[in-house]
Amino acid sequence: MSSFPTNQDLDPSRLRRAFGVFPSGVVAVAAVVDGAPVGLAASSFRSESIDPPLVSFSIAASSKTWPDLRRATHLGVTVLAEHHGAVARQLAGTPEDRFTDIPVSVSDAGALVVDDGVAHFDTTIYREVEAGDHIIVLLEIKAVEHPEAGQPLVFHRSAFGRLAIAEGF
């Protein structure tokens, strides 16, 4: 058995490369705030609980978008589909252009979702947890739509991709 080195220099670029080997899905988190769409893309989405129904995502504590978005009474979460790579990049871009030419739907409560995502959630903020240079946002699900079609967009090694279904499992 080989030894696992300890007391390493944990520089940020080394950590990012190591974290990047783990693939994740990509979501849009969005709402209408003060009459305008506000949102962001996140690759840190996960399910947390069935009872109560909770999901979470992480956002950089330095985010300029989160202070506005968190003022919404409801947040829409869209699991982006494999063809949404350009949408994810756009949602990570200039705030005023994030929803230009992107088809969206808005709930009566102001939750905004990207049309033709593989799943949509209408949520409210359940809790925020400080976690180093990020904030973990727990969201309580109020409604869900899952059309049973399409595959999710995947983020891996700083690039977007798609799932490949393994044969024989």
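Up top is the structure these notes are about.
Since we're looking at a predicted model, the values are computed, not measured.

Below, the discussion takes up the pairing of strand β4 (residues 46-49). Here β4 pairs with strand β5 (residues 54-60) via three bridges, running antiparallel. Looking at β5, one finds that Arg46 is bridged to Ser56. Counting the residues between successive antiparallel strands, the hairpin from β4 to β5 contains four residues.

This part covers the sheet that holds strand β6 (residues 75-79). Strand order in the open sheet formed by seven strands is β3-β2-β6-β9-β10-β5-β4, with antiparallel pairing between adjacent strands. A strand with exactly one partner marks an edge of an open sheet, and here the two such strands are β3 (36-42) and β4. Each adjacent strand pair in this sheet contributes to an overall mean axis angle of 40 degrees, direction not counted. With four bridges joining them, strand β2 (residues 27-33) and β6 adopt antiparallel strand pairing. Paired with Val27 across the two strands is Val79, which belongs to β6.

Moving on to the pattern of salt bridges. For the structure shown, the criterion picks out five salt bridges. Salt-bridge contacts for Arg71 lead to Asp34; the nearest nitrogen and oxygen are separated by 2.8 Å. Of this pair, Arg71 sits in the loop between α2 (66-69) and β6 while Asp34 sits in the loop between β2 and β3, and the two are 37 residues apart along the sequence. By relative accessible area, Arg71 is classed as partly exposed at 48%. With its nearest N and O atoms 2.4 Å apart, the salt bridge here joins Glu128 to Arg70. Taken together, the residues span a long stretch of sequence, with Glu128 in strand β9 (residues 119-131) and Arg70 in the loop between α2 and β6 at a distance of 58 residues. Relative accessible area serves as the criterion here: at 40%, Arg70 is assigned to the partly exposed category.

Rules of the game
Residues numbered from 1 in each chain as written. Predicted model: local features only at pLDDT ≥ 70, side-chain atom pairs only at ≥ 80, totals over all residues. Heavy atoms only, no water. Pairing = 2+ DSSP bridges. Helix = DSSP H or I, 4+ residues; strand = E, 2+ residues; numbered from the N terminus. Axes fitted to C-alpha atoms, helices over the stretch in contact; angles between N-to-C directions. Salt bridge = Lys/Arg side-chain N within 4 Å of Asp/Glu carboxyl O. Buried < 20%, exposed > 50% of the residue type's maximum accessible area, 1.4 Å probe, protein only.

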